[in-house]
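Structural description and commentary
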Protein chains: 2
Amino acid sequence: MAMFRVCTYNVNSIRSRRELLFMWLERSQVDVICLQETKVEERAFPFPDFEKIGYHCYVKGQRTYNGVAICSKLPLQDVFKDTSMDILDKESRIIGGRLGDIWLINVYFPHGDLRGTPKFTYKLAFYQQFYQFLAENFSPEDKIILLGDMNVALEDIDVYDPVLLRDTIGTMEEERSALRKILEWGFVDTFRYLYPNKVQFTWWDYIGGAVWKDQGMRIDYILVTKPLLPSVRDVYVDMWARKRRSPKPSDHAPVVCLLEL
Amino acid sequence: MAMFRVCTYNVNSIRSRRELLFMWLERSQVDVICLQETKVEERAFPFPDFEKIGYHCYVKGQRTYNGVAICSKLPLQDVFKDTSMDILDKESRIIGGRLGDIWLINVYFPHGDLRGTPKFTYKLAFYQQFYQFLAENFSPEDKIILLGDMNVALEDIDVYDPVLLRDTIGTMEEERSALRKILEWGFVDTFRYLYPNKVQFTWWDYIGGAVWKDQGMRIDYILVTKPLLPSVRDVYVDMWARKRRSPKPSDHAPVVCLLEL
DNA sequence: GTGCGTGGAG
DNA sequence: CTCCACGCAC
């Protein structure tokens, strides 16, 4: 029996977040960190910094946009960076691997821009194809941790002002049902499972200092299949980096899940 | 009798140099600092930061390029930002004022790009018109401190490799004679006057880490008219900021002159 | 508001 | 190499 900390963090560029990220890693002592929006090609990823503090890194990079990575104290097996599905593989948004009998799948779902735009269509198609990817390659009986920036706030409680934000990106019914379909396949939203009524966001717009008014959304998730649910001890959003003024933080905060394995 | 420190500093953007500049000001305790390449319009100049530590600021700003300022512990009189001469007033390159019976003239002379280009023509025309401005408005009997980035290395001793740099910008004969003409009007190059054989640069290219090999040029000057020469106690280039790696320094170092008045 | 890439300036 | 402006993404 060992405590295991797994984390999802949209860093909004790993180059500009390097210093703060490593300060945070020293504090947080997570065993696995799943990064989104690293915004670098693999050759520019700071492997040495991670290796120096004992992480093995698996990186699917891309310049300017997107980019995901898994950094783990224990090496992963069966790492995959491609799904052989056109929409999922179009950009660097998915990376996965196995840690013993547990699958980790780190996904940066598309933002979607505005309803009716090609990006919105792409977001919904991405969700649909991701469902297909799950169904074809995994079983709800597998131990899977699916985590990342889903770019959807599942319920009204997951946004700071559901009336103001009605029908804006991340809160629309077709987005919510796309994410709900993933959950219905066999995942549990660990945070909402443990804290049914807690208002806690993971992202706050840079504009207008939204974080100081706690005007945010919960769009970053750690989902687990049912076989893993008994192991979940806690889930929390770590505000330490997000509430700093310098070095400038990401607009997201990391979400950390404690499992007893 | 009081010691008086006057300084010229091409900061290469006051916005990106703010933190380092104020660290330096605290150390250096200069009475007057003349800035070049502030690269901000007057409304974006950090007046409050200077006022907090007791400086009165006089600013001729411009967005993106150029921009000069004089910040002084004692208020200036007869501040001028225009010369009514077309070439001199085309960009924000000159600001002046009077401190008792001493005139301060802070100039950012044009860089000149390459011989034969319009910018090179502009540089020579600027020098020529500046000479005219001096002749028409001042006398060599006045107490004048003319300081700034002259973008000319007067002699071979003022560049790290005169052979390599022969006929490159800042070392060409027509540029040197343009600056020499200013001196001949009635100025003394305080640094060379006190240190006839000293090799000391004020600017080092960012490229190739030139500062670490001391591959630079002396292009920033503090010139004084003869009536002020007996007051000059020392002149030195302060490398403190330039040799730091962070916050990133300007490619120039400040030149400081001590006068006993 | 804060990233990144580009292109001009030095 | 490091500034700035611009345009785009989020």
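In this text, all values refer to a predicted model and were calculated from it rather than measured experimentally. (Residues numbered from 1 in each chain as written. Chains lettered and ligands numbered in written order. Predicted model: local features only at pLDDT ≥ 70, side-chain atom pairs only at ≥ 80, totals over all residues. Heavy atoms only, no water.)

**Here's the deal with the side chain of B:Asp158**
Residues and elements named next belong to chain B. By the secondary structure assignment, Asp158 is in the loop between strand 8 (143–149) and helix 5 (173–186). Judged by its relative accessible area of 0%, Asp158 is buried. A polar contact is formed between the side chain of Asp158 and the side chain of Arg192, at a distance of 2.6 Å. With near-sequence residues (within four places) excluded, Asp158 lies in contact with Ala153, Arg192, Phe201, Gly216, Met217, Arg218 and Tyr221. (Helix = DSSP H or I, 4+ residues; strand = E, 2+ residues; numbered from the N terminus. Buried < 20%, exposed > 50% of the residue type's maximum accessible area, 1.4 Å probe, protein only. Polar contact = N/O pair within 3.5 Å; in protein donor to acceptor, adjacent residues only side chain to side chain. Contact = heavy atoms within 4.5 Å.)

**Overview of the UniProt feature "site: Transition state stabilizer" (unreviewed entry) in chain A**
All names here are of chain A. Following the UniProt record, one finds the feature "site: Transition state stabilizer" (unreviewed entry) at Asn151. Residue Asn151 is classed as buried on the basis of its relative accessible area, which comes to 8%. Not counting residues up to four positions away in its chain, the partners in contact with Asn151 are Tyr108, Phe109, Pro110, His111, Lys123, Gly170, Glu175 and Ile219. (UniProt positions renumbered as here; feature names shortened; annotations may be inferred.)

**With respect to empty space enclosed by the protein**
Residues and elements named next belong to chain B. Inspection of every chain in the model, using the stated rule, returns one cavity of 30 Å³ or more. Taken as a whole, the largest cavity holds about 40 Å³ of empty space. What lines the largest cavity is simply Asp189, Thr190, Phe191, Thr202, Arg218, Asp220, Tyr221, Ile222, Val235, Val237 and Val255. Contributions of two or more residues to the lining of the largest cavity are made by helix 6 (190–194), strand 12 (220–225) and strand 13 (232–237). If you tally residues by element for the lining of the largest cavity, the top one is strand 12, at three residues. For the lining of the largest cavity, the residue count by class is six nonpolar, two polar and three charged. (1 Å grid on protein atoms, 1.4 Å probe; cavity = no way out; pocket = protein on both sides within 12 Å on 5 of 7 lines; lining within 4 Å. Points joined across faces, edges and corners; volume = space filled by probe spheres on them. Nonpolar A, V, L, I, M, F, W, Y, C, P; charged D, E, K, R; others polar.)

**Side note on the sheet that holds strand 13 (residues 232–237) of chain A**
Residue and element names in this part refer to chain A. Strand order in the open sheet formed by six strands is 3-4-2-1-14-13, with mixed pairing between adjacent strands. Every interior strand has two partners, whereas the edge strands, strand 3 (56–60) and strand 13, have only one. The mean angle between the axes of side-by-side strands here comes to 10°, regardless of whether they run parallel or antiparallel. Two strands pair when backbone bridges link them, and strand 1 (residues 3–10) and strand 14 (residues 255–260) are joined in this way by six bridges, in the antiparallel orientation. The residue of strand 14 that forms the bridge with Val6 is Cys257. (Pairing = 2+ DSSP bridges. Axes fitted to C-alpha atoms, helices over the stretch in contact; angles between N-to-C directions.)

**Concerning the sheet that holds strand 9 (residues 187–189) of chain A**
Residue and element names in this part refer to chain A. Here six strands make up an open sheet; going across it, the order is 5-6-7-8-12-9 and the pairing mixed. On the outer flanks of this sheet lie strand 5 (77–80) and strand 9, each paired with one strand and no other. Here the average twist between neighbouring strands, direction ignored, is 15°. Relative to strand 6 (residues 94–99), strand 5 runs antiparallel, the two being bridged by two bridges. Bridged to Gln77 within strand 6 is Arg98. Helix 4 (residues 118–137) rests against strand 5, strand 6, strand 7 (102–108), strand 8 (143–149) and strand 9 of the sheet, and its axis sits at about 170° to strand 7.

**Regarding the pattern of salt bridges**
All names here are of chain A. Counted by the stated rule, this structure contains 34 salt bridges over all chains. Between Arg18 and Asp49 there is a salt bridge, with its nearest N and O atoms 2.6 Å apart. Of the two residues, Arg18 sits in helix 1 (residues 14–28) while Asp49 sits in helix 2 (residues 47–52), which places them 31 residues apart along the sequence. In this structure, the salt-bridge partner of Arg115 is Glu174, at a minimum N-O distance of 2.8 Å. Taken together, the positions of Arg115 in the loop between strand 7 and helix 4 and Glu174 in helix 5 (residues 173–186) put the pair 59 residues apart, joining distant regions of the chain. Given a relative accessible area of 27%, Glu174 falls into the partly exposed group. Each of Glu155, Asp158, Asp189, Arg192 and Arg218 takes part in a single network of salt bridges with overlapping partners. (Salt bridge = Lys/Arg side-chain N within 4 Å of Asp/Glu carboxyl O.)

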